[in-house]
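# Architecture and fold: a report
So you can see what is in the structure, the chains are spelled out below.
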Amino acid sequence: MEIRKYISVDKEVLGGQAVFAGTRVPVVSLFWHLEKGISLDEFLEDFPSVTNEQAVAVLEMAGKIISSKNIEKFYAAAA
């Protein structure tokens, strides 16, 4: 899976925050919506510039990171 196909980081767009590629929608907004119990379909309605493919790919990437044997390294890097 090519991460740049789904996520873009550019200091000229939202100060370098990770956004869905081709949009100005922060990736973290997907997780905020899901945490609040808002469905993926509702998220996509709220942000029509984000495709279902992009959202599902980001969730799959997050799942791979969380289930990685090296999760402690990711956690340490983020903490």
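Here's a quick rundown of the structure. Remember, predicted model here, so these are calculated numbers, not experimental data.

## Some words on the side chain of Gln 54
- Along the chain, Gln 54 turns up in helix H3 (residues 52-66).
- Apart from the residues lying within four places of it in its own chain, the contact partners of Gln 54 are Lys 5, Tyr 6, Phe 20, Ala 21 and Ser 49.

## What about the packing of helix H1 (residues 27-35) against H3?
- One can describe the packing of H1 onto H3 by two numbers: an axis separation of 11 Å at closest approach and a directional angle of 80°. The pairing of H1 with H3 is recorded here as roughly perpendicular in orientation. Judged by residue contacts, Val 27, Leu 30, Phe 31 and Leu 34 of H1 engage Ala 55, Val 58, Leu 59 and Ala 62 from H3.
- Taken together, the residues of the contact of H1 with H3 break down into eight nonpolar, no polar and no charged.

## Regarding the packing of aromatic side chains
- A full pass over the atoms with the stated rule returns two aromatic pairs.
- Measuring from centroid to centroid gives 6.0 Å for Phe 20 and Phe 43, while their planes differ by 50°, and the two rings are tilted. Of this pair, Phe 20 sits in strand E2 (residues 19-20) while Phe 43 sits in helix H2 (residues 40-46), placing them 23 residues apart in sequence. For the pair formed by Phe 20 and Phe 43, the shared burial category is buried.
- Ring centres of Phe 43 and Phe 47 lie 5.0 Å apart, and the angle between their planes is 40°; this geometry places the pair in the tilted category.
- Phe 43 sits in the buried class, given a relative accessible area of 0%.

## Observations concerning unusual backbone geometry
- Phi at Leu 14 is positive, roughly 50°, even though this residue is not glycine.
- Mapping Leu 14 onto the fold places it in the loop between strand E1 (7-8) and E2.

## Concerning the side chain of Thr 23
- Of note, Thr 23 is situated in the loop between E2 and H1.
- Residue classification places Thr 23 among the buried positions, given a relative accessible area of 9%.
- Within the structure, the side chain of Thr 23 is placed 2.7 Å from the backbone oxygen of Phe 20, a separation counted as a polar contact.
- Among the polar contacts made by the side chain of Thr 23, one reaches the main-chain amide nitrogen of Val 25 at a distance of 3.0 Å.

Conventions and cut-offs
- Residues numbered from 1 in each chain as written.
- Predicted model: local features only at pLDDT ≥ 70, side-chain atom pairs only at ≥ 80, totals over all residues.
- Heavy atoms only, no water.
- Helix = DSSP H or I, 4+ residues; strand = E, 2+ residues; numbered from the N terminus.
- Contact = heavy atoms within 4.5 Å.
- Axes fitted to C-alpha atoms, helices over the stretch in contact; angles between N-to-C directions.
- Parallel < 35°, antiparallel > 145°, perpendicular 65-115°, else oblique.
- Nonpolar A, V, L, I, M, F, W, Y, C, P; charged D, E, K, R; others polar.
- Phe/Tyr/Trp six-rings, centres within 6.5 Å; stacked < 30°, edge-to-face > 60°.
- Buried < 20%, exposed > 50% of the residue type's maximum accessible area, 1.4 Å probe, protein only.
- Polar contact = N/O pair within 3.5 Å; in protein donor to acceptor, adjacent residues only side chain to side chain.

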